[in-house]
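What follows is the residue order along each chain.
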There are 2 protein chains.
Amino acid sequence: MGLSQRVESAIGAAIRQGQGDSAPAQLASALEYSVTPGGARIRPTICLSVAMACGDDKPALSDAAATALELIHCASLVHDDMPCFDDADIRRGKPTVHKAYGEPLALLTGDSLIVMGFEVLARAAPHDCERAVELIRILGKRTGMPFGICAGQGWESEETVDLSAYHQAKTGALFIAATQMGAVAAGQEAEPWQELGARIGEAFQVADDLKDALMEAEQIGKPAHQDEANNRPNAVSELGVPGAVARLNDILSGAIASIPSCPGEAALAQMVRKTADRLVPTAAAQYAAE
Amino acid sequence: MGLSQRVESAIGAAIRQGQGDSAPAQLASALEYSVTPGGARIRPTICLSVAMACGDDKPALSDAAATALELIHCASLVHDDMPCFDDADIRRGKPTVHKAYGEPLALLTGDSLIVMGFEVLARAAPHDCERAVELIRILGKRTGMPFGICAGQGWESEETVDLSAYHQAKTGALFIAATQMGAVAAGQEAEPWQELGARIGEAFQVADDLKDALMEAEQIGKPAHQDEANNRPNAVSELGVPGAVARLNDILSGAIASIPSCPGEAALAQMVRKTADRLVPTAAAQYAAE
């Protein structure tokens, strides 16, 4: 099974378990709607890639880790799209969950996906209890308060923002979780994998800034030029397009250099580079080459 | 330490850990606001009472279970109070979280509390990994989809409602979790404790119907007469007040009879009876005595 198929299969199984046989039908339907069709599935892909680089000796744990990450990520998209935050109509090229199902079910969909993330990991515990608990611990830390994506979103309600804490929590947290959970699922320590996750998160942030500046809504499946419209600090306004592309490449080189020694180190470096190519919009690559 | 003090101390410690030293200040403040002052803390009290009846050999696990239950319960109150659900202004005698902090922070407070519930259990795992994972599994099942309080709330968006599934998920789920988690924290099987939780949940539902019908807003700290106003099916409209009080007593007798054999069986029966006395509004007791 290819990596992408493995990710989809694990996410699909988790959603079916959450839907059950006698659940409220609309909420059950919204759960599936909110995770399909998938975006790049970048967090679970990173997680599985790290697990495989570390030997992937308990594939069920790696699958659970990858799935849990994507469920939490989708939960955050559903809640962030709601009227009290971004009030977004479109996500991944189709109506957002609250547009399709209404606000109450969007709120519950996010809540259910968060819970499901932890359940998936608890169900994998028979394969290795200590690893499962460590996975739950990392996922919790990088999702909630004070270090997770909830904290990241919470910074947006503050008058004075700690920009570094904001970016690390809002974008970085789930990438750190992705590399650390991949390693832990395969029996490795979490700590040495933090830097790789943090750097991929930074790269992702810069790439997102580039996409927002250079691409149109139909290409990215959500409203474009939002940073400029909302006067948000971003890499393109600070560095210009060529500067932002150069910064992205610097970060990725640092990411690759930070990969801890492991059996699949070379393949993992290649994956990071490939992810980078997918992240950088063609327009930006052309811009940089000129 | 008394039981109530033990509950408050464990909840306070969890919130402080979630606030950290460098979190967004308003969200950190909203976390504490949302769990204090406590209501009856009835779920954690039941959980600890069951754990103590079963020997409470790992008090840190029992504390974590009790805390996790209350955090999830508070999360559900914060989200249910939001404008897209009950649009409530007052809870526990003070402004609801979205009234005090705004909708974005209320949404994030609920999300953070859910995550924190699972984190608290994962942090207690060094005391017994298998028990901790079983606690996480039960909490997840009774919080999310298809059987948990999210499912219960989800039924409210359906045109045709499975009333039994609705009540068991909406009100019963966290009481089942409370008895089962208390037992599991103390090393017992979960299954024999399901009936006690389910019956306490039913009793709670009937008591809530009585309170809604008989008491005024200032006495219950939230709007009264909502069932009548919204034409919701409830025990008082079906059975009348004396009938509902009789039904409540029947359920509680059944609850006490269902308590599995355990060292603290007698004390636990007393706790259930005492909880019942607290649940029944004085007005209803007088009504029934007349």
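Heads up: the structure comes first, above all this text.
All of these numbers come straight from a predicted model, not from anything done at the bench.

Peer 1: Describe the overall build of chain A, with residues and values.
Peer 2: Helix and strand counts for chain A stand at 15 helices and 2 strands. Its C-alpha atoms give chain A a radius of gyration of 18 Å, within 12% of the compact-globule value 19 Å for 290 residues. Viewed in the frame of its principal axes, chain A has a C-alpha envelope of about 55 × 50 × 35 Å. Pairs at least 24 apart in sequence give 67% of the contacts found in chain A among residues at least 6 apart. Accessible surface, chain A as shown: approximately 11,500 Å² in total, 48% of it carbon and sulfur. Charge separation in chain A, taken as the distance between the mean sites of 23 positive and 38 negative side-chain charges, equals 5 Å.

Peer 1: Summarise the interface of chain B and chain A; cite the residues concerned and give the values.
Peer 2: On the chain A side, the residues contacting the 47 residues of chain B number 47 residues. Taking both partners together, chain B and chain A bury about 4,100 Å²; carbon and sulfur atoms supply 75% of that area. Across the contact surface, chain B and chain A share 0 salt bridges. Summed over the shared surface of chain B and chain A, the result is 10 residue pairs in polar contact (both at pLDDT 80 or more). The set of elements that each furnish at least two residues to the side of chain B that touches chain A consists of helix H1 (3–19), helix H2 (25–35), helix H6 (103–123), helix H7 (129–143) and helix H8 (149–155) of chain B. Grouping the amino acids of the side of chain B that touches chain A by side-chain chemistry returns 26 nonpolar, 14 polar and 7 charged.

Peer 1: How would you summarise the packing of aromatic side chains if you had to cite specific residues and measurements?
Peer 2: With the rule as written, the count across this model stands at 5 aromatic pairs over all chains. Taken together, a centroid distance of 5.3 Å and an interplanar angle of 75° make the contact between Tyr33 of chain A and Tyr101 of chain A edge-to-face. One end of the pair, Tyr33 of chain A, is in helix H2 (residues 25–35); the other, Tyr101 of chain A, is in helix H5 (residues 97–101), and 68 residues separate them in sequence. Summarising the aromatic geometry, the rings of Phe175 of chain B and Phe204 of chain B are spaced 4.9 Å apart at their centres and angled 45° between planes, so their arrangement reads as tilted. Of this pair, Phe175 of chain B sits in helix H9 (residues 163–185) while Phe204 of chain B sits in helix H10 (residues 194–214), and the two are 29 residues apart along the sequence.

Peer 1: Describe the environment of Ile72 of chain B, listing the residues and the values that go with them.
Peer 2: All names here are of chain B. By the element assignment, Ile72 lies in helix H4 (residues 59–80). Along the backbone, Ile72 and Lys58 are 14 residues apart, and their C-alpha atoms lie at a distance of 22 Å. With sequence-adjacent residues up to four places away left out, Ile72 is seen in contact with Ile114, Phe118, Leu139, Thr143, Ile149 and Leu174.

Peer 1: Residue-level account of the nonpolar core, with values.
Peer 2: One finds Met181 of chain A together with Met181 of chain B to be the most contacted residues of the largest nonpolar core, which totals 192 residues. Leave out the neighbours within four places in its chain, and Met181 of chain A touches Cys47, Ala65, Leu69, Leu121, Leu135, Ile138 and Leu139 of chain A.

Peer 1: So what's going on with the relation of the copies chain B and chain A? Residues and values would help.
Peer 2: The pair of chain copies shares a relation made of a rotation about an axis and a shift along it. After a rotation of 180° and a shift along the axis of 0.0 Å, chain B superposes on chain A with an RMSD of 0.0 Å. This pairing of chains is accounted for by a two-fold axis. When you check the interface residues of chain B against chain A, 100% turn up at the interface there too, and the contact is symmetric in its surfaces.

Peer 1: Residue-level account of the pattern of salt bridges, with values.
Peer 2: Any two side chains of opposite charge can pair, so long as their charged atoms come close to each other. All names here are of chain A. Applying the stated criterion across every chain yields a total of 26 salt bridges over all chains. When the shortest N-O distance is used, the salt bridge between Arg199 and Glu195 registers 2.6 Å. You can see Arg199 and its partner Glu195 sitting in helix H10 (residues 194–214), 4 residues apart, about one turn around the helix. Using a relative accessible area of 38% as the deciding quantity, one classes Glu195 as partly exposed. Each of Glu8, Arg41, Glu70 and Arg92 takes part in a single network of salt bridges with overlapping partners.

Peer 1: An account of H7 of chain B is requested, with residue identities and associated values reported.
Peer 2: Helical geometry note: an α-helix holds 3.6 residues per turn, so side chains three or four residues apart project in the same direction. All names here are of chain B. Between its first and last C-alpha, H7 extends 21 Å over 15 residues, near the 21 Å set by a 1.5 Å rise per residue. Buried residues dominate H7, accounting for 11 of its 15 residues. Taken residue by residue, H7 has Cys129, Arg131, Ala132, Val133, Leu135, Ile136, Ile138, Leu139, Gly140, Arg142 and Thr143 as its buried positions. N-capping of H7 is provided by Asp128, with a side-chain oxygen placed 3.2 Å from the backbone N of Glu130.

Peer 1: Please give an account of the environment of His225 of chain B that cites residues and values.
Peer 2: Residues and elements named next belong to chain B. Position of His225 relative to the elements: it lies in the loop between helix H11 (217–220) and helix H12 (226–230). By relative accessible area, which is 27% here, His225 ends up partly exposed. Each C-alpha atom of the pair His225 and Gly12 lies 33 Å from the other, and the pair is 213 residues apart in sequence. In this structure, His225 is in contact with Asp212, Ala213, Met215 and Glu216, ignoring residues within four places of it in sequence.

Peer 1: Hey, could you go over the packing of H4 of chain B against H7 of chain B for me, with residue numbers and the actual values?
Peer 2: All names here are of chain B. Between H4 and H7, the least distance of the axes is 11 Å, while the angle of their chain directions is 15°. One way to sum up the angle between H4 and H7 is to call them roughly parallel. In this structure, the crossing between H4 and H7 has a hand that is right-handed. Here H4 contributes Leu61, Ala65, Ala68, Leu69 and Ile72 to the contact with H7, which in turn contributes Arg131, Ala132, Leu135, Leu139 and Thr143.

Peer 1: So what's going on with unusual backbone geometry? Residues and values would help.
Peer 2: Residue and element names in this part refer to chain A. Omega for the bond connecting Thr36 with Pro37 falls within 30 degrees of zero, at -15°, which places this linkage in the cis form. Relative to the helices and strands, Pro37 is located in the loop between H2 and helix H3 (42–53). Residue Arg41 is not a glycine yet carries a positive backbone phi of 50°. Considering the arrangement of structural elements, one finds Arg41 in the loop between H2 and H3. Residue class for Arg41 comes out buried when judged on its relative accessible area of 5%. Residue Asp56 is not a glycine yet carries a positive backbone phi of 45°.

Conventions and cut-offs
- Residues numbered from 1 in each chain as written.
- Chains lettered and ligands numbered in written order.
- Predicted model: local features only at pLDDT ≥ 70, side-chain atom pairs only at ≥ 80, totals over all residues.
- Heavy atoms only, no water.
- Helix = DSSP H or I, 4+ residues; strand = E, 2+ residues; numbered from the N terminus.
- Rg over C-alpha atoms; globule rule 2.2 N^0.38 Å.
- Contact = heavy atoms within 4.5 Å.
- Areas by Shrake-Rupley, 256 points an atom, 1.4 Å probe, with all protein chains shown as cover.
- Lys, Arg positive; Asp, Glu negative; His and termini not counted.
- Charge placed at Lys NZ, Arg CZ, Asp CG, Glu CD.
- Buried area = accessible area lost by both parts, 1.4 Å probe.
- Salt bridge = Lys/Arg side-chain N within 4 Å of Asp/Glu carboxyl O.
- Polar contact = N/O pair within 3.5 Å; in protein donor to acceptor, adjacent residues only side chain to side chain.
- Nonpolar A, V, L, I, M, F, W, Y, C, P; charged D, E, K, R; others polar.
- Phe/Tyr/Trp six-rings, centres within 6.5 Å; stacked < 30°, edge-to-face > 60°.
- Core = buried A, V, L, I, M, F, W, Y, C linked by side-chain atoms within 4.5 Å.
- Buried < 20%, exposed > 50% of the residue type's maximum accessible area, 1.4 Å probe, protein only.
- Least-squares fit on C-alpha atoms with pLDDT ≥ 70 in both.
- Expected span 1.5 Å × (residues − 1).
- Axes fitted to C-alpha atoms, helices over the stretch in contact; angles between N-to-C directions.
- Parallel < 35°, antiparallel > 145°, perpendicular 65-115°, else oblique.
- Left-handed = near helix turned anticlockwise from the far one by under 90°.

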